[in-house]
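Observations on the model geometry
Listed here are the chains, written in short residue letters.
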Amino acid sequence: MKRLVRATFCLVFACSGEAGPGRESEAESEAESEAESEARPSPAERGPFGVGVTTLAVLDETRDRTLTTEVWYPATVSDDDPRDTFFGILELSSVRDAPADDSGAPYPLVIFSHGYAGIRNQSPYFTEHLASHGFVVAAPDHPRNTFLDNDADATAEVLVNRPLDVSAVAGTLLDAETEAGARFAASIDASRVGVAGHSFGGFTTMLVVGGVIDWEALAAFCAEGDSVMCDAIVDPDAELPEWRDDRFRAALPLAPGGGRAFGEHGLCGVDVPVFVQGGTADRTTPIADEVRPIFDGLPAGGASLLLIEDAGHFSFTDICPLYEALGGADGAFGDIGEDGCGKDNVAIDEAHAISRAWATAFFRAELQGDDAARAYLEGAAPEHATIERR
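Predicted model only: the values in this text are computed from it and were never measured.

This brings us to the overall build of the protein chain. Assigned secondary structure in the protein chain consists of 13 helices and 12 strands. The C-alpha radius of gyration of the protein chain comes to 19 Å, within 12% of the 21 Å expected for a compact globule of 390 residues. For the protein chain, the C-alpha atoms occupy an extent of roughly 55 × 55 × 45 Å along the three principal directions. If you take every contact in the protein chain between residues at least 6 apart in sequence, the share linking residues at least 24 apart comes to 77%. Carbon together with sulfur atoms contributes 49% to the accessible area of the protein chain, which is approximately 15,800 Å² in total. Of the side chains in the protein chain, 27 bear a positive and 67 a negative charge, and the two mean positions are spaced by 2 Å.

This is the structure we're talking about:
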């Protein structure tokens, strides 16, 4: 019934006008002074904090579901501490199980949702960088949808559960009565929570902040086009859970898929700032069919779209070192690696630098009330990228 009411509201009050007042962020009422803001490193630079990383088992008792979750956080580290690695190939900057640095706490929390057949630690270029700027970042594996256990026949079930996974991880980390919550309770500000995701995780992100699926529009698109979302169609009359979670104050979808699934009005109820990123060379979630419909469907006021020239789908992950180590175009990741790691794609370091700088500026502005970060967001697009705002 709630789904019907919200869908009807969206159809009556279409997204042609300005966005409503939305949910006022506490960060805005407690904004940092201009002097403090200007003294901080640029969003493009490494932040002032060392970064720790740990792996937690988050139990969602309501669904009897355990979510293996990676957490990056501001930490006390030294130059001599051994660094974590990305599958033993790429040395990272985080230190496993380093002691938390709560000198700047409480910090905002951001939940990251990985892509279809991805994995929780797929994008450390972003998660580590954000943690260095004073955020706790948590990323769960979505069961039956990682590259270790993906089940293509379970896509509809996975769609239903993904947003609930995001909310479950946030709820656990914010609950001091849980083991994970007790560990991070002193580090997190429960009033400043954001969500991000790549690909299917970008679609998950939009469901969490109020996106409503238009099943008829999705079916019509699938009759002529193709998308992983076409495997996720469920009975539109089925009783589905409430995915919207009003704790989330800002959303960052990276190369999101499923744009057509929201139809013309399915995103008009989103009332938080959304910063969409995509790559002009993306073959997995093409701009026209998947990414732009999300941006265009959002209410005016608070929506941005950053497009990185010649970036592919996997330019928003750290898969390229694996791609190269496993034989490049002729190796195990050849088919997917070419969509972001190929010779015609922008250099991965450049794509990462643009993506993480603007993502960090976005979350610093929206969740930390950082005036300098907001000025960064309002500036000109970087070289090899374009920016649209509405």
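Our next topic: the state of the cysteines. Enumeration over the complete set of coordinates arrives at 2 disulfides. With its sulfur 2.0 Å from that of its partner, Cys222 forms a disulfide with Cys230. For the disulfide bridge between Cys222 and Cys230, the dihedral angle about the S-S bond is near -95°, and by the sign convention the bridge is left-handed. Disulfide partner of Cys320: Cys341, at an S-S distance of 2.1 Å. Disulfide Cys320-Cys341: torsion about the S-S bond near -90°, hence left-handed. Of this pair, Cys320 sits in helix H10 (residues 320–325) while Cys341 is found in the loop between helix H11 (334–337) and helix H12 (348–368), placing the two residues 21 residues apart along the sequence. Cys320 gets classed as buried once you look at its relative accessible area, which sits at 7%. Shown here for the protein chain is a disulfide pattern of 1-2, 3-4, where each number marks a bonded cysteine counted in sequence order.

Our focus in this paragraph is the sheet that holds strand S2 (residues 65–75). Strand order in the open sheet formed by 10 strands is S5-S1-S2-S7-S6-S8-S9-S10-S11-S12, with mixed pairing between adjacent strands. Edge positions in the open sheet fall to strand S5 (95–96) and strand S12 (385–389), since each of these has one partner strand only. Relative to S2, strand S1 (residues 50–60) runs antiparallel, the two being bridged by 11 bridges. Each residue of the ladder has a partner; that of Thr55, found in S2, is Glu70.

Counted according to the given criterion, the structure contains 13 aromatic pairs. Here Phe49 and Tyr107 contribute two aromatic rings whose centre-to-centre distance is 5.5 Å and whose plane-to-plane angle is 80°, an arrangement assigned as edge-to-face. Of this pair, Phe49 sits in the loop between helix H3 (34–39) and S1 while Tyr107 sits in strand S6 (residues 107–113); the two residues are 58 residues apart in sequence, bridging distant segments of the chain. Residue Phe49 is classed as buried on the basis of its relative accessible area of 16%. The class for Tyr107 is buried, based on a relative accessible area of 2%. Seen from their ring centres, Tyr116 and Phe200 are 6.2 Å apart, and the 35° between their planes marks the pair as tilted. Highlighted residues: Tyr116 in the loop between S6 and helix H4 (124–132) and Phe200 in helix H7 (residues 200–208), separated in sequence by 84 residues. Taking the relative accessible area as the measure of exposure, Phe200 reaches 3% and is therefore buried. An aromatic cluster is present here, built from Phe135, Phe275, Trp358, Phe362, Phe363 and Tyr376 joined pairwise through their rings. Taking NZ or CZ as reference, Arg162 lies 4.5 Å from the ring centre of Phe200, over its face.

In this section: unusual backbone geometry. Here the bond from Ala105 into Pro106 is cis, since omega is 0°, no more than 30 degrees from zero. Take Pro106: it is sitting in the loop between S5 and S6. Phi at Asp97 is positive, roughly 60°, even though this residue is not glycine. Turning to its location among the elements, Asp97 is positioned in the loop between S5 and S6. A positive phi is found at Asp310, a non-glycine position, where the angle reads about 65°. Along the chain, the position of Asp310 falls in the loop between strand S11 (303–308) and H10.

Below, the discussion takes up the pairing of strand S9 (residues 248–254). Buried residues dominate S9, accounting for 6 of its 7 residues. Where strand S8 (residues 188–198) and S9 come together, 6 bridges link them in parallel fashion. Along S9, the bridge assignment pairs His198 with Leu254. As defined by bridge partners, S9 adjoins strand S10 (residues 274–279) across 2 bridges and the pair is classed as parallel. Paired with Ala251 across the bridge in S10 is Val274.

What counts, and at which threshold
- Per-chain numbering applies: the sequence of each chain, read as written, is numbered from 1 onward.
- Note on the predicted model: pLDDT of at least 70 is required for a residue's local features to be given, and 80 or more for side-chain atom pairs to be given and counted; whole-chain, interface and lining totals, by contrast, use all residues.
- The side-chain values count all of the structure's non-hydrogen atoms but skip hydrogen atoms and water molecules.
- Segments assigned H or I by DSSP are reported as helices when at least four residues long, segments assigned E as strands when at least two residues long, and all are numbered from the N terminus.
- In this description the radius of gyration comes from C-alpha coordinates, and the expected globular size is given by 2.2 Å times residues to the power 0.38.
- Between two residues, a contact is recorded if the distance between any of their heavy atoms is within 4.5 Å.
- In this description, accessible areas are obtained by the Shrake-Rupley approach with a 1.4 Å probe, and a residue is regarded as covered only by the protein chains that are shown.
- Neither His nor the chain ends is counted toward charge; the positive residues are Lys and Arg and the negative residues Asp and Glu.
- Here the site of a charge means atom NZ of a Lys, CZ of an Arg, CG of an Asp or CD of a Glu.
- Throughout, disulfides are identified as pairs of cysteine sulfur atoms within 2.5 Å of each other.
- Three labels apply to residues, based on accessible area from a 1.4 Å probe with only protein chains included: buried if under 20% of the type maximum, exposed if over 50%, partly exposed otherwise in between.
- Pairing between strands requires that DSSP locate at least two bridges from one strand to the other.
- Here is the rule: rings of Phe, Tyr and Trp (six-membered ring for Trp) pair when centre to centre is within 6.5 Å. Planes less than 30 degrees apart are stacked, more than 60 are edge-to-face, and the remainder are tilted.
- Two limits define a charge over a ring: the Lys NZ or Arg CZ must be within 6 Å of the ring centre, and within 35 degrees of the ring normal.

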